[in-house]
Amino acid sequence: MKALEEDMIGIVMTNGSALVAPTFSTERLLGTNPICVAIPAGKESPFVADLATAAAANGKLEILQRKNQKAPAGWIQDKEGNISTNPHELKGGGALLPLGSDREHGSHKGYALGAIVDIFSGVLSGANYGPWVPPFPAFVPIPENMPGEGIGHFFGAMRIDAFRKADSFKKDMDQWLKRFREAKPAKGFEQVLVPGDPEREMETERKKNGIPLMNAVVEDLHYLAERFKISSPEQ
């Protein structure tokens, strides 16, 4: 989003620990490999898309684990490639699924997007890629014979004025954004949103009313504080 301040389009990608199985695979070969694109506008709030290329980010599973809830069908598979709703499945050799979940619902497209991120972030930069990316979950072993250095990132910024005048572009973006936000909502929904809208609304809410924490998270923080002898300001 720093690119927005300079009338530029920002593009950011990063690869990560191999937790995602490609379509038709039981092996974990890709990370959740997120893509973020930020596009400036004039009077309207900017377009900001930030998404994992897996059906769900690993953090979503961690939340379900803490809540003792099942995962939606289509997020994960077991080590044999069968759809599972167990949020702990990855610890037993299972895998997250690509965006789309299965071939019939377009998982090959999520797989392709994740592969693009891996190549742009890892192969292009000389970092590690695929199953050789250094893992962050404790249950994933350190890969052997890693071909690169660390985890890879891709940062890009496109100058709008290299294509057309920035002011006229932002005027057209305002029209684009306004039209989509004014689209007729389906029954049961109040408004059609543009990528970035939910996050802006949540940011406003959290700044006003604070960030709620689950008891399991608070307990983990207390445990870590005691273990490492860290005192809070109140103490």
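None of these values were measured; they are calculated from a predicted model. (Residues numbered from 1 in each chain as written. Predicted model: local features only at pLDDT ≥ 70, side-chain atom pairs only at ≥ 80, totals over all residues. Heavy atoms only, no water.)

Trainee: Tell me about the overall build of the protein chain, and name the residues and values.
Mentor: If you tally the helices and strands in the protein chain, you get five helices and seven strands. Listing every helix and strand of the protein chain by position from the N terminus yields β-β-β-α-β-β-β-α-β-α-α-α. Seen through its C-alpha atoms, the protein chain measures out along the principal axes to roughly 55 × 45 × 40 Å. Looking at the protein chain as a whole, 35% of its 235 residues qualify as buried. Counting contacts in the protein chain only where the partners sit at least 6 residues apart, residues at least 24 apart contribute 54% of the total. Taken as a whole, the protein chain presents about 15100 Å² of accessible surface, with 56% of it coming from carbon and sulfur. (Helix = DSSP H or I, 4+ residues; strand = E, 2+ residues; numbered from the N terminus. Buried < 20%, exposed > 50% of the residue type's maximum accessible area, 1.4 Å probe, protein only. Contact = heavy atoms within 4.5 Å. Areas by Shrake-Rupley, 256 points an atom, 1.4 Å probe, with all protein chains shown as cover.)

Trainee: Residue-level account of the environment of Ile-116, with values.
Mentor: Tracing the backbone shows Ile-116 in helix H2 (residues 107-123). Ile-116 sits in the partly exposed class, given a relative accessible area of 40%. Considered as a pair, Ile-116 and Met-13 are 103 residues apart in the sequence and their alpha carbons are 9.4 Å apart.

Trainee: Can you tell me about the pattern of salt bridges, naming the residues and giving the values?
Mentor: When the charged atoms of two side chains lie near each other, side chains of opposite charge can form a pair. Scanning the entire structure with this criterion turns up ten salt bridges. Here Glu-203 and Lys-207 are joined by a salt bridge, their closest N and O atoms 3.1 Å apart. Placement of the pair is Glu-203 and Lys-207 together in helix H4 (residues 197-209), with a separation of four residues, close to one helical turn. Using a relative accessible area of 43% as the deciding quantity, one classes Glu-203 as partly exposed. The class of Lys-207 is exposed, set by a relative accessible area of 66%. Among the charged side chains, a salt-bridge network with shared partners connects Glu-44, Arg-181, Asp-197 and Arg-200. (Salt bridge = Lys/Arg side-chain N within 4 Å of Asp/Glu carboxyl O.)

Trainee: How would you explain the sheet that holds strand S4 (residues 76-77) if you had to name every residue and give the values?
Mentor: Across the sheet, which stays open at both edges, the three strands sit in the order S5-S4-S6 with antiparallel pairing between neighbours. Every other strand in the sheet has two partners, leaving strand S5 (83-84) and strand S6 (95-96) as the edge strands with one partner each. Here two bridges tie S4 to S5, and the two strands are oriented antiparallel to one another. Residue pairing in the sheet places Gln-77 in a bridge with Ile-83 of S5. (Pairing = 2+ DSSP bridges.)

Trainee: Residues and numbers for helix H1 (residues 58-67), please.
Mentor: Buried within H1 we find Asn-58, Leu-61, Leu-64 and Gln-65. Buried residues in H1, looked at end-on, bunch into an arc of 115°, giving them a common side. Elements in contact with the buried residues of H1: S4 and S6. (Arc of directions from axis to C-beta.)

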